[in-house]
Structure formats: structure tokens, C-alpha cells
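# Residue-level structure breakdown
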Amino acid sequence: MGGWLAASDEPPVFSVKFGPKGVAFSGGVPSEEVGQTLAEAVKAVRPDLAIINEGIHLDSEAKLPNLADLKSLIAEIGISTHEGGVAIWDDAILLSGLTDSRITLAALKIRLDPLLGNKRLINRICIVPTDDLPDIAVKLSNGEAAGPLLDFDYYPTAEEMFEAPGIRLEKLFPTMALLADLNVLDDSKPLTSSPPEPAPNAPLRAIPLMSSKSPGAITPAMFRAVPAGPQNTYVALESIRFSRNSFFLQANQESTLGEMLKQLSAPPLAGHKVILRPVVYAGGAGVYGDYLVEKRSDEAKRLLIERGVDPSRLVIRTVTSQETLDQGEVKVVVEIPPPPPPKLEEEAGEGPTEADGTEEEESGGTPP
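What counts as what
Residues numbered from 1 in each chain as written. Predicted model: local features only at pLDDT ≥ 70, side-chain atom pairs only at ≥ 80, totals over all residues. Heavy atoms only, no water. Helix = DSSP H or I, 4+ residues; strand = E, 2+ residues; numbered from the N terminus. Expected span 1.5 Å × (residues − 1). Contact = heavy atoms within 4.5 Å. Core = buried A, V, L, I, M, F, W, Y, C linked by side-chain atoms within 4.5 Å. Buried < 20%, exposed > 50% of the residue type's maximum accessible area, 1.4 Å probe, protein only. Phe/Tyr/Trp six-rings, centres within 6.5 Å; stacked < 30°, edge-to-face > 60°. Salt bridge = Lys/Arg side-chain N within 4 Å of Asp/Glu carboxyl O. Axes fitted to C-alpha atoms, helices over the stretch in contact; angles between N-to-C directions. Parallel < 35°, antiparallel > 145°, perpendicular 65-115°, else oblique. Left-handed = near helix turned anticlockwise from the far one by under 90°. Nonpolar A, V, L, I, M, F, W, Y, C, P; charged D, E, K, R; others polar. Patch = residues over 30% accessible without salt bridge, like charges linked within 9 Å, V, L, I, M, F, W, Y side chains within 5 Å. Areas by Shrake-Rupley, 256 points an atom, 1.4 Å probe, with all protein chains shown as cover. Lys, Arg positive; Asp, Glu negative; His and termini not counted. Charge placed at Lys NZ, Arg CZ, Asp CG, Glu CD. Pairing = 2+ DSSP bridges.

### Regarding helix α2 (residues 67-80)
Side chains that are three or four residues apart share a direction in an α-helix, a result of its 3.6 residues per turn. Over its 14 residues, α2 runs 20 Å from end to end, which matches the ideal 20 Å to within 8%, given 1.5 Å per residue. Against the buried residues of α2 lie β1 (14-18), α1 (32-45), β4 (82-88), β5 (92-99) and α3 (102-116).

### Observations regarding the nonpolar core
Of all hydrophobic cores here, the largest spans 26 residues; its most connected members are F14, V16, F25, I74 and V86. In this structure, L257, L304, L314 and V332 belong to the second largest nonpolar core, which totals 18 residues.

### Considering the packing of aromatic side chains
Enumeration according to the criterion identifies 2 aromatic pairs in this entry. Ring geometry for F14 versus F25: centroids 6.3 Å apart, planes at 65°, classification edge-to-face. Here F25 lies in strand β2 (residues 22-29) and F14 lies in strand β1, a separation of 11 residues in the sequence. With respect to class, F14 is no different from F25; both count as buried.

### Focus on the pattern of salt bridges
Charged atoms that come close allow side chains of opposite charge to pair. Overall, the coordinates contain 9 salt bridges when judged by the stated rule. Between E76 and R111 there is a salt bridge, with the nearest N and O atoms lying 3.4 Å from each other. Of this pair, E76 sits in helix α2 while R111 is found in helix α3, placing the two residues 35 residues apart along the sequence. With relative accessibility at 12%, the residue E76 sits in the buried group. Here E329 and R241 are joined by a salt bridge, their closest N and O atoms 3.7 Å apart. Within this pair, whereas E329 is found in strand β11 (residues 329-336), its partner R241 is found in strand β7 (residues 233-241), the two being separated by 88 residues in sequence. Judged by relative accessible area, E329 falls into the buried class, the value being 14%. Relative accessible area serves as the criterion here: at 28%, R241 is assigned to the partly exposed category. Salt bridges here are not isolated pairs; linked through shared partners, they connect E299, R302 and E306.

### Focus: the environment of G55
Tracing the backbone shows G55 in strand β3 (residues 50-58). Overall, the relative accessible area of 38% leaves G55 in the partly exposed class. Expressed as a C-alpha distance, the spacing of G55 and F25, which sit 30 residues apart in the sequence, is 6.9 Å. Beyond its immediate sequence surroundings of up to four residues, G55 is in contact with F25, S26 and G27.

### Regarding the packing of α2 against α3
The contact between α2 and α3 brings their axes to 8 Å, and the two run at 165°. As judged from the angle between their axes, α2 and α3 are roughly antiparallel. Taken as a pair, α2 and α3 cross one another with a handedness that is left-handed. On the side of α2, the interface is formed by D69, L70, S72, L73, E76, I77 and S80, while α3 contributes T104, A107, L108, R111, L112, P114 and L115. Here the residues of the contact of α2 with α3 sort into 8 nonpolar, 3 polar and 3 charged.

### Considerations on a negative patch on the surface
Side chains of D131, D132, D290, E294 and D298 sit close together on the surface and give a patch of like negative charge. For D290, the location among the structural elements is in helix α7 (residues 287-306).

### Concerning the side chain of S297
Within the secondary structure layout, S297 lies in helix α7. On the basis of relative accessible area, S297 is assigned to the buried category, the value being 4%. Once residues lying within four places of it in the same chain are set aside, the contact partners of S297 are L276, P278 and I316.

### Structural notes on the sheet that holds β1
If you walk across this open sheet you meet the 6 strands as β3-β2-β1-β4-β5-β6, and the pairing is mixed. Both outer strands of the open sheet, β3 and β6 (120-127), are each paired with one neighbouring strand and no more. For this sheet the average axis-to-axis angle between neighbouring strands, irrespective of direction, equals 5°. Sheet analysis places β2 next to β3, joined by 7 bridges and oriented parallel.

### Section: the environment of F242
Note on placement: F242 falls in the loop between β7 and α6 (253-265). On the basis of relative accessibility, which here comes to 0%, the residue F242 falls in the buried class. Between the C-alpha atoms of F242 and R296, which are 54 residues apart in sequence, the distance is 7.6 Å. Leave out the neighbours within four places in its chain, and F242 touches F247, F248, L249, Q250, R296, E299, A300, Q327, G328 and V330.

See the structure below:
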């Protein structure tokens with residue numbers, strides 16, 4: 001799944017991910033009965049979320065942990081964490097989510113122990129202040145069976161159903177033939193013309209329905225180049241880098257910040273807007289990714305202000321990357337506006353002064 005933070009190069013054997021609008025199931029299950037049982041366990045603790053098939057499929061060789069223990073762990077994640085999840089590989093289990101209580105870690109550890117065995121644990125549970133967690137209205141399950149929750153049928157995605165705009169290939173030639181002579185559209189001439197009488201005993205010959213003539217001479221369109229308006233100039237500096245999955249500076253960043261301060265304090269960058277662009281990586285999307293980006297933005301801004309950069313110069317604009325591996329990067333770009341237009345030294349309608357003409361004659365120029 002794209003939401004996991006590069007725990008492995010291979011997709012998980014099985015995963016469940018709680019999101020803001022639904023719970024995504026991915027991977028293989030040995031039977032539909034097992035899949036429906038796990039979906040029912042999720043629905044029992046989070047009836048407000050939809051069950052989403054994000055790649056779940058039947059695999060007779062799928063080896064999942066004990067079903068009762070797996071249901072217990074998934075239910076604990078749904079109850080105790082925000083946008084949490086579990087992903088299972090052959091050699092590892094990954095837990096993720098946000099919580100404001102250390103008790104949650106102990107509860108998850110108890111639920112996980114029967115499943116872990118010789119697998120290594122990848123812990124992505126993040127403890128955050130209570131104010132950083134959204135308020136979620138609690139909805140309890142009524143216990144009524146609502147039929148199968150997981151749909152194992154395949155549905156094509158919007159990308160797979162997309163048809164490129166334009167003329168289909170099989171209709172291209174008739175369209176070109178029509179555009180070659182548009183007079184047929186206003187009935188100025190018939191679509192077909194009467195064929196000449198064939199000579200006696202002449203061989204049969206195919207007669208086209210519409211004769212194609214080359215269009216007359218077309219007057220080329222007149223284009224005039226319009227100069228582009230003044231554009232801002234953007235100067236990229238060395239990025240500020242934080243440790244992976246945290247908002248602590250990497251060890252080698254002090255020299256980078258020192259050099260950056262010199263550049264921001266001297267022409268041509270002095271006084272201009274500084275844009276901080278924290279990078280959101282595809283593997284870190286979700287609540288934790290947003291929380292991490294916000295903390296890195298605040299920390300980068302604080303570091304520059306402490307080193308003498310005017311706070312009014314700093315602007316934060318988030319940028320998205322398709323990379324799944326978190327590099328901890330905050331890009332730094334300086335925006336330099338275009339120079340003001342030159343002021344006209346002469347008012348409209350006034351000629352040069354006598355002194356101006358004398359100077360031009362002495363310097364060899366041609367007087368107006």
C-alpha cells in the first residue's frame with residue numbers, strides 16, 4: 001500500500017489501514033469467510049467507516065496469523081489509535097497510527113505478542129498531544145448483520161476506464177476527407193456527382209462517392225509576438241534536512257544553516273521573500289505525515305529567525321513528492337521580484353534641452 005512508510009520493498013502479505021473515510025483492506029486471504037470475519041471485526045469497533053477493497057484477493061496459499069488474535073489486534077488499533085493500521089510481511093509486522101496515551105502502546109503490545117513470533121516489529125505508533133488529535137464522534141455498532149462487507153469482485157479504476165479525448169483512430173480518415181471540402185456542409189454542392197456514361201464493353205471501375213480536391217491557397221495567419229511581462233526569479237538554496245520520520249535536525253546541518261544565512265544576508269538575496277517548502281512524501285501521507293510536515297516547517301522557521309532572518313520574509317508552502325522514502329527535506333527558495341521599469345527622463349511632447357544637444361555633439365552622437 002502506498003500509505004506505508006517504506007517498511008519493505010515488497011507489498012505486505014496482508015494489511016488493514018484505517019483512514020478518515022474508510023478502512024482499506026489489501027493483500028491475500030485464504031477464503032472469503034476469513035475476509036468477511038475480519039471486516040466484521042472492524043465494523044464492530046468503527047461502524048462509521050466504510051470497508052474498502054484496496055487490493056484484497058483470494059489466495060489459497062496465504063498464511064495469516066491466528067484469526068482470533070488478528071481480529072483482537074485490528075479491533076484494538078481501531079479503538080485506540082487515529083488512522084492506525086497493521087501490515088504483515090513474512091518477516092515483519094508494522095503498526096502505525098496516532099495516539100495520546102502510552103497505555104495504548106502497552107495494549108497493542110499485549111495484542112501483538114501472539115502474532116509476532118520470529119517476525120521483527122516496525123513501530124510507527126506516534127504519541128502526540130491530545131490537542132493534535134481530531135475530535136471523532138463515537139458511533140457504536142448495533143450488532144445487526146448487514147450482509148457481506150467485503151466485495152471481492154474486481155472493479156476497474158477511473159484510470160483504467162479513461163478514454164483519451166479526441167478523434168478515434170477508425171474515424172480519423174473520414175473526418176479528414178470531410179474537412180478537405182467543407183462545402184458539403186452548406187449544400188453548396190452535392191455529395192455525389194453523376195458519373196459519365198461508360199463506354200460500351202468497358203471494364204467495370206469503382207466510382208468514388210465524393211471527389212477529394214486539394215483545398216485552395218490558404219492565406220497564412222498573421223501572428224504577432226507579444227513580449228511577456230516581468231517575471232519573478234526563484235533561487236534555490238541548500239535544503240534543510242531532518243532525521244527520517246522526525247523533526248530533529250540531521251547532524252551536518254549547522255554548517256548548511258551558516259552558509260544559508262550568509263547568502264540571505266548579502267545581495268542579491270538580502271531582503272527578499274524566503275519560501276520554505278517542506279516535502280510531503282507519498283509514503284508518509286495521512287495524519288502523521290501532516291503532523292510531521294507542520295513540525296518541520298515550524299522548526300525550520302525558528303532556526304532561521306534565531307539566526308537573524310526577519311520573520312516577515314518567511315513563507316511556508318508545502319510541496320508533494322512521489323517518493324515513498326522520507327528524506328526529511330525542507331526546500332529553501334528565495335523569490336526575487338523583477339526590477340522596476342526605468343523611469344522616462346523626458347516628458348511626452350518635450351524635446352531635449354540645448355545642453356543635451358551639446359553633449360551629444362561633443363560625444364560624437366547625432367543630435368535629434
